[in-house]
Amino acid sequence: MIDTLPLFPLATVLFPGGQLPLRVFEARYLDMVSSCLRSGSPFGVVCINEGGEVRRGDETVQFELLGVLAHLQEVDAETTGILRVACSGGARFQLQSARMQADGLWLGEGATLLADDPELPPGEAYAGTVHALSQAIAALDIRDPGMFPAERRLDDAGWVANRWCELLPIPLAARQKLMALQDPLMRLSLVDDFLREQGVVRA
């Protein structure tokens, strides 16, 4: 368990093994990134379900208590007071509660780390979904190098499902539910169903 975890609420869902580029300019997050760099520790990314990413007065912000650890990979100063940050998704966590500091930074309390997906082969039933992901990654690598991790784990059902979940045009609430699923084959099955309904994968 992590007693206290700095949080970055975002209008996105980070998945384990995913890439997350950030442009950081608010003082509370500049301080958080600096602290994480010094300590070598991650922060937590949680999906906003009410309010905005940028602090505006007394605006109410609500977010999910189940999120994913973000590990810093690269931090570059774009200009004075602005950082470009590259993160990778780590373990999922479940918070007991969250509180906001005086500077506006949210802190999660009692973060329990959830088990990583077991490494399971996708199986022949999902061969079309795996092939379609391989093609999608190849095309996106040309347009946006670095969008996907350098290590391609197309033989891992959870990894395949997670990468599709990042790409699919689905509501944030649905993306959050998929991330929270403990069974990677169930997650992949739901992705496969969606792709077949859209005609991306054919029988």
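Up top you'll find the structure we're talking about.
Just so we're clear, the structure is a prediction, and the values are computed from it rather than from any experiment.

Undergrad: If you had to explain the overall build of the protein chain to someone new, which residues and values would you point to?
TA: Looking only at helices and strands, the protein chain has 5 helices and 8 strands in total. Starting at the N terminus and walking to the C terminus, you meet the elements of the protein chain as β-β-α-β-β-β-β-β-β-α-α-α-α. For a compact globule of 203 residues, the expected C-alpha radius of gyration is about 17 Å, and the protein chain comes in at 18 Å, within 12% of that figure. Seen along its three principal axes, the alpha-carbon backbone of the protein chain occupies a region of about 55 × 35 × 30 Å. For the protein chain, the proportion of its 203 residues judged to be buried stands at 43%. Look at the contacts in the protein chain between residues 6 or more apart in sequence, and 66% of them connect residues 24 or more apart. Accessible area for the protein chain stands at about 10,500 Å²; split by element, carbon and sulfur atoms hold 53% of it. When the 17 basic and 27 acidic side-chain charges of the protein chain are each reduced to a single mean position, those positions are 4 Å apart.

Undergrad: Give me the lowdown on the pairing of strand β7 (residues 97–100), citing residues and values where you can.
TA: By the bridge criterion, 4 bridges tie β7 to strand β8 (residues 106–113) in an arrangement that is antiparallel. In the strand pairing of β8, Met100 is matched with Trp106. Joining the antiparallel neighbours β7 and β8 is a turn of 5 residues, in which Gly104 adopts a positive phi near 95 degrees.

Undergrad: Could you give me a rundown of the nonpolar core, with the residues and numbers involved?
TA: By size, the foremost hydrophobic cluster in this structure holds 45 residues, and its most contacted members are Phe8, Leu22, Val24, Met32, Phe43 and Trp164. Discounting chain neighbours no more than four positions away, the residues touching Trp164 are Thr129, Ala132, Leu133, Ala136, Val191, Leu195 and Val200. Judged by nonpolar contacts, the second largest core, of 10 residues, contains Leu5, Leu69, Trp106 and Ala111.

Undergrad: Any details on helix α1 (residues 27–39)? Residues and values, ideally.
TA: End to end, α1 covers 18 Å across 13 residues, agreeing with the expected 18 Å (1.5 Å per residue, within 8%). Within the span of α1, buried status applies to Arg28, Tyr29, Leu30, Met32, Val33 and Cys36. The first or second residue beyond α1 is Gly40, which carries a positive phi of 70 degrees.

Undergrad: Which residues make up the pattern of salt bridges, and what values do they have?
TA: Note on pairing: side chains with opposite charge can pair once their charged atoms come close. Scanning the entire structure with this criterion turns up 8 salt bridges. The closest approach of N and O atoms between Glu109 and Arg99, which form a salt bridge, is 2.5 Å. With Glu109 in strand β8 and Arg99 in strand β7, this pair connects stretches of sequence that are 10 residues apart. Given the relative accessible area of 25%, Glu109 is considered partly exposed.

Undergrad: Provide a residue-level description of the environment of Ala115, including the pertinent values.
TA: On the secondary structure map, Ala115 appears in the loop between β8 and α2 (127–143). We classify Ala115 as exposed; its relative accessible area is 52%. Separated by 67 residues in the primary sequence, Ala115 and Gln182 have C-alpha atoms spaced 8.1 Å apart.

Undergrad: With reference to specific residues and values, describe the environment of Glu151.
TA: Mapped onto the elements, Glu151 comes out in the loop between α2 and α3 (157–167). Here Glu151 falls in the exposed class, since its relative accessible area comes to 54%. Considering only alpha carbons, one finds Glu151 and Gly17, 134 residues apart in sequence, at a separation of 9.6 Å.

Undergrad: Give me the lowdown on the packing of α2 against α3, citing residues and values where you can.
TA: Across the interface, α2 lies against α3 with an axial gap of 10 Å and an inter-helix angle of 55 degrees. The angle between α2 and α3 falls in the class oblique. Crossing of α2 over α3 shows left-handed handedness. Residues Thr129, Val130, Ala132, Leu133, Ala136, Ile137 and Leu140 of α2 pack against Trp159, Val160, Arg163, Trp164 and Leu167 of α3. Per-class residue counts for the contact of α2 with α3 are 10 nonpolar, 1 polar and 1 charged.

Undergrad: Provide a residue-level description of the packing of aromatic side chains, including the pertinent values.
TA: We describe a pair of aromatic rings using the distance from one ring centre to the other and the angle between the two ring planes. Applying the stated criterion across every chain, the model contains 3 aromatic pairs. Seen from their ring centres, Phe8 and Phe43 are 6.1 Å apart, and the 45 degrees between their planes marks the pair as tilted. On the criterion of sequence distance, the pair formed by Phe8 in strand β1 (residues 2–10) and Phe43 in strand β3 (residues 43–50) is long-range, its members being 35 residues apart. Residue classification places Phe43 among the buried residues on the basis of a relative accessible area of 0%. Ring geometry for Phe63 and Trp106: centres 5.1 Å apart, planes at 85 degrees, overall edge-to-face. With Phe63 in strand β4 (residues 62–63) and Trp106 in strand β8, this residue pair connects regions lying 43 residues apart in the sequence. Joined through ring pairs, the aromatic side chains of Phe8, Tyr29 and Phe43 make up one cluster. One Lys or Arg, Arg163, reaches over the ring of Trp159 and ends 5.3 Å from the middle of that ring.

What counts, and at which threshold
- Residues numbered from 1 in each chain as written.
- Predicted model: local features only at pLDDT ≥ 70, side-chain atom pairs only at ≥ 80, totals over all residues.
- Heavy atoms only, no water.
- Helix = DSSP H or I, 4+ residues; strand = E, 2+ residues; numbered from the N terminus.
- Rg over C-alpha atoms; globule rule 2.2 N^0.38 Å.
- Buried < 20%, exposed > 50% of the residue type's maximum accessible area, 1.4 Å probe, protein only.
- Contact = heavy atoms within 4.5 Å.
- Areas by Shrake-Rupley, 256 points an atom, 1.4 Å probe, with all protein chains shown as cover.
- Lys, Arg positive; Asp, Glu negative; His and termini not counted.
- Charge placed at Lys NZ, Arg CZ, Asp CG, Glu CD.
- Pairing = 2+ DSSP bridges.
- Core = buried A, V, L, I, M, F, W, Y, C linked by side-chain atoms within 4.5 Å.
- Expected span 1.5 Å × (residues − 1).
- Salt bridge = Lys/Arg side-chain N within 4 Å of Asp/Glu carboxyl O.
- Axes fitted to C-alpha atoms, helices over the stretch in contact; angles between N-to-C directions.
- Parallel < 35°, antiparallel > 145°, perpendicular 65-115°, else oblique.
- Left-handed = near helix turned anticlockwise from the far one by under 90°.
- Nonpolar A, V, L, I, M, F, W, Y, C, P; charged D, E, K, R; others polar.
- Phe/Tyr/Trp six-rings, centres within 6.5 Å; stacked < 30°, edge-to-face > 60°.
- Lys NZ or Arg CZ within 6 Å of the ring centre and 35° of its normal.

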